Amino acid sequence: MKILKIDHLGIAVSSIDEKKNFWTDALGLNLEGSETVEAQKVTTAFLPVGESEIELLESTSIDGPVAKYIEKKGEGI
């Protein structure tokens, strides 16, 4: 199998508001929008990078999958 493209990278963060400045100010990316997905207990923010995008994921609940990931492994991909 040959990988031709990456659609997006999801990055678990404790706070989108606190982390977005790194991506927008330091790296020059544009925050394209955000949405809350109640079923997944997460708010997402999208930053396009060419044909791919960075997706910041913030839990909306202490028992959500992103919160559990951060608790176990810390913030990250």
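A few points on the structure. For clarity, every value in this text was computed on a predicted model and none was experimentally measured.

### Considering the overall build of the protein chain
Piece 1. Along its length, the protein chain carries 2 helices and 4 strands.
Piece 2. Seen in sequence order, the protein chain has helices and strands lined up from the N terminus as β-α-β-β-β-α.
Piece 3. For the protein chain, the C-alpha atoms occupy an extent of roughly 35 × 35 × 20 Å along the three principal directions.
Piece 4. The burial tally for the protein chain puts 29% of its 77 residues in the buried class.
Piece 5. Considering only intrachain contacts with a sequence separation of at least 6, the fraction spanning at least 24 residues in the protein chain is 46%.
Piece 6. About 5400 Å² of surface is accessible on the protein chain, with carbon and sulfur atoms providing 52% of the total.
Piece 7. Measuring between centres, the 8 positive side-chain charges of the protein chain sit 9 Å from its 14 negative side-chain charges.

### Notes on the nonpolar core
Piece 1. Ile11, Val13, Ile16, Trp23, Leu29, Ala45, Leu47, Ile54 and Leu56 together form the largest nonpolar core, which totals 9 residues.
Piece 2. Mapped onto this core, the elements with two or more residues apiece are α1 (16–26), β3 (42–49) and β4 (52–59).
Piece 3. Beyond its immediate chain neighbours, meaning those up to four positions away, Leu56 contacts Ile11, Val13, Ile16, Lys20, Trp23, Thr43, Thr44, Ala45 and Leu47.

### Remarks on the pairing of β4
Piece 1. Alignment of strand β1 (residues 8–12) against β4, held across 5 bridges, turns out to be parallel. Within the sheet, the bridge partner assigned to Ile11 lies in β4 and is Leu56.
Piece 2. Two elements, β3 and β4, share 8 bridges in a ladder whose sense is antiparallel. From the neighbouring strand, Leu47 faces β4, where its bridge partner is Ile54.
Piece 3. Hairpin connection, β3 to β4: the antiparallel pair is bridged by 2 residues, and Gly50 has positive phi, about 60°.

### Topic: unusual backbone geometry
Piece 1. The backbone phi angle of Lys41 is positive, close to 55°, even though this residue is not glycine.
Piece 2. Position of Lys41 among the secondary structure elements: in the loop between β2 (33–37) and β3.

### Regarding the pairing of β2
Within a regular strand, the side chains alternate between the two sheet faces.
Piece 1. Sheet topology places β2 next to β3; 5 bridges connect them, and they run antiparallel. Each residue of the ladder has a partner; that of Thr36, found in β3, is Thr43.
Piece 2. Hairpin remark: β2 followed by β3, antiparallel, with 4 residues in the connecting loop; positive phi at Lys41, about 55°.

Thresholds, definitions, all that
Residues numbered from 1 in each chain as written. Predicted model: local features only at pLDDT ≥ 70, side-chain atom pairs only at ≥ 80, totals over all residues. Heavy atoms only, no water. Helix = DSSP H or I, 4+ residues; strand = E, 2+ residues; numbered from the N terminus. Buried < 20%, exposed > 50% of the residue type's maximum accessible area, 1.4 Å probe, protein only. Contact = heavy atoms within 4.5 Å. Areas by Shrake-Rupley, 256 points an atom, 1.4 Å probe, with all protein chains shown as cover. Lys, Arg positive; Asp, Glu negative; His and termini not counted. Charge placed at Lys NZ, Arg CZ, Asp CG, Glu CD. Core = buried A, V, L, I, M, F, W, Y, C linked by side-chain atoms within 4.5 Å. Pairing = 2+ DSSP bridges.

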